[in-house]
Amino acid sequence: MTDYSFQLYSAREFPPLDGTLRMLADAGYSQVEGYGGVYEDTAATRAALDATGLTMPSGHFSIDMLENDEEKVCAIAEALGISHIYCPYLDAAERPSDAAGWVAFAKRLEALQERYGPKGFTFGWHNHDFEFVPLADGAIPMKLILDNAPSISWEADIAWIVRGGADPLEWMKAYGDRLTAVHVKDIAPDGQCADEDGWADVGQGTMDWKGLIAALQATPTRLFVMEHDKPSDAIRFARRSIEASKSW
């Protein structure tokens, strides 16, 4: 098991970044995962990382930037030490409505792998819940993505798989060899944490992370990234979550 990382999107509403990084280092994290908001001033972000000893081995980049500004993506990655690039989302208006559309989208991801892979990056897709919702013909978008983009890796957001109505263990069994990173997040019991969109601090919700971490040991996963999509207190989330990991 590698050290835990922290998706900085979780702390987007709690600036400044340098304070967040100091807090994370003090809490016991050694890595962070980047997203668009921390790429605006890469020199400042690099300085803040160096001041705390944290590294940024992975980062999220939009499909638009990946396809249309490769030079900028590579410059950001080089400046911040990012070696794992993940495309994290597809806006609802851009999501295909049929299997053919998802196959075409998968081929776009495969084409990105052909561009970024030879440059030394690990490139992959990061899921949410919509990829696991069956289409009208019963096809599952996530399966279409992975089957038709055979060279890309997968950063699995395990809790979003559950919210999508799927069994993460079954997906690990089928595609575990494609995993290079996972998001470690938790789902609150029904009726709780409504102000946090139903998410919980890791270890405080319904996810069996002890069992999931054990299962993930059989995969190539090396990055375990703590995330909460809407915490009311980023410090509380960061500290409680890494503390929970000690029992795993």
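Above this text sits the structure in question.
Positions within a chain are numbered from 1, following the residues in the order the chain's sequence is written. The predicted origin of the model limits local features to residues at a pLDDT of at least 70 and limits the giving and counting of side-chain atom pairs to 80 or more, whereas totals for whole chains, interfaces and linings rest on all residues. Values reported for side chains reflect all heavy atoms of the structure, with hydrogen atoms and water molecules removed beforehand.

Participant: In this structure, what is going on with the overall build of the protein chain? I would like to understand it.
Facilitator: Strands are runs of DSSP state E lasting at least two residues, helices are runs of H or I lasting at least four, and both sets are numbered from the N terminus onward. Along its length, the protein chain carries 10 helices and 10 strands. Taken over the C-alpha trace, the protein chain has a radius of gyration of 17 Å; the compact-globule value for 248 residues is 18 Å, and the two agree within 12%. Over its C-alpha atoms, taken along the principal directions, the protein chain stretches across nearly 50 × 45 × 35 Å. Taking all 248 residues of the protein chain together, 51% fall into the buried category. In this treatment the radius of gyration is a C-alpha quantity, and the globule benchmark scales as 2.2 Å times the residue count to the 0.38 power. Exposure is judged per residue with a 1.4 Å probe applied to protein chains only, and the accessible area is read against the type maximum: over 50% gives exposed, under 20% gives buried, and values in between give partly exposed.

Participant: Sorry if this is basic, but what is going on with the side chain of Asn127 here?
Facilitator: You can see Asn127 is positioned in the loop between β5 (122–126) and α6 (141–148). Leave out the neighbours within four places in its chain, and Asn127 touches Phe132, Met142, Trp154, Glu155, Ala156, Asp157, Trp160 and Ile161. Residue contacts are counted whenever heavy atoms from the two residues lie within 4.5 Å of one another.

Participant: Please explain the nonpolar core as it appears in this structure.
Facilitator: Side chains that are nonpolar tend, in soluble globular proteins, to be buried together. For our purposes a nonpolar core is just a set of buried Ala, Val, Leu, Ile, Met, Phe, Trp, Tyr and Cys residues, chained together by side-chain atoms within 4.5 Å. Formed by 74 residues in total, the largest nonpolar core has its most connected members in Phe6, Leu24, Leu109, Trp125 and Trp154. The element contributing the most residues to this core is helix α5 (residues 99–116), with seven residues. Apart from the residues within four sequence positions on either side, Leu109 is in contact with Ile63, Cys87, Phe123, Trp125, Ile145, Ala149 and Ile152.

Participant: Would you mind going over the pattern of salt bridges with me for this structure?
Facilitator: When their charged atoms lie close together, side chains carrying opposite charge are able to pair. Within this document, salt bridges are pairs made up of a side-chain nitrogen of Lys or Arg and a carboxyl oxygen of Asp or Glu, the two lying within 4 Å of each other. Evaluated as defined, the whole model comprises 14 salt bridges. Salt-bridge contacts for Asp201 lead to Arg236; the nearest nitrogen and oxygen are separated by 2.7 Å. Highlighted residues: Asp201 in the loop between β9 (199–200) and α9 (209–216) and Arg236 in helix α10 (residues 234–245), separated in sequence by 35 residues. Between Lys246 and Glu243 there is a salt bridge; the shortest N-O distance is 3.1 Å. Accessibility expressed as a relative area gives 46% for Glu243, which makes it partly exposed. Taken together, the shared-partner salt bridges connect Asp157, Lys185, Glu227 and Asp229 into one network.

Participant: Where do I start with the pairing of β5 in this structure?
Facilitator: Along any regular strand the residues' side chains alternate between the sheet's two faces. With four of five residues buried, β5 lies mostly within the body of the structure. As paired strands, strand β4 (residues 84–87) and β5 are joined by four bridges and run parallel to one another. Pairing of Ile85 across the sheet is with Phe123, part of β5. The parallel pair β4 and β5, bridged by α5, forms a crossover whose chirality is right-handed. The pairing criterion is simple: DSSP has to find at least two bridges between the two strands. Where β5 meets strand β6 (residues 153–157), three bridges bridge the pair, whose relative direction is parallel. By the bridge assignment for β6, Gly124 is matched with Ser153. Orienting the strands away from the viewer, one traces the path from the first strand over the helix to the second; a clockwise path indicates a right-handed crossover.

Participant: Help me out: how do you make sense of the environment of Gly59 in this one?
Facilitator: Summarising the element assignment, Gly59 is placed in strand β3 (residues 55–60). Under the relative-accessibility criterion, Gly59 is labelled buried at 0%. For Gly59 and Phe237, which are 178 residues apart along the polypeptide, the C-alpha to C-alpha distance reads 20 Å. With near-sequence residues (within four places) excluded, Gly59 lies in contact with Glu33, Gly34, Tyr39, Ile82, His84, Ile85 and Tyr86.

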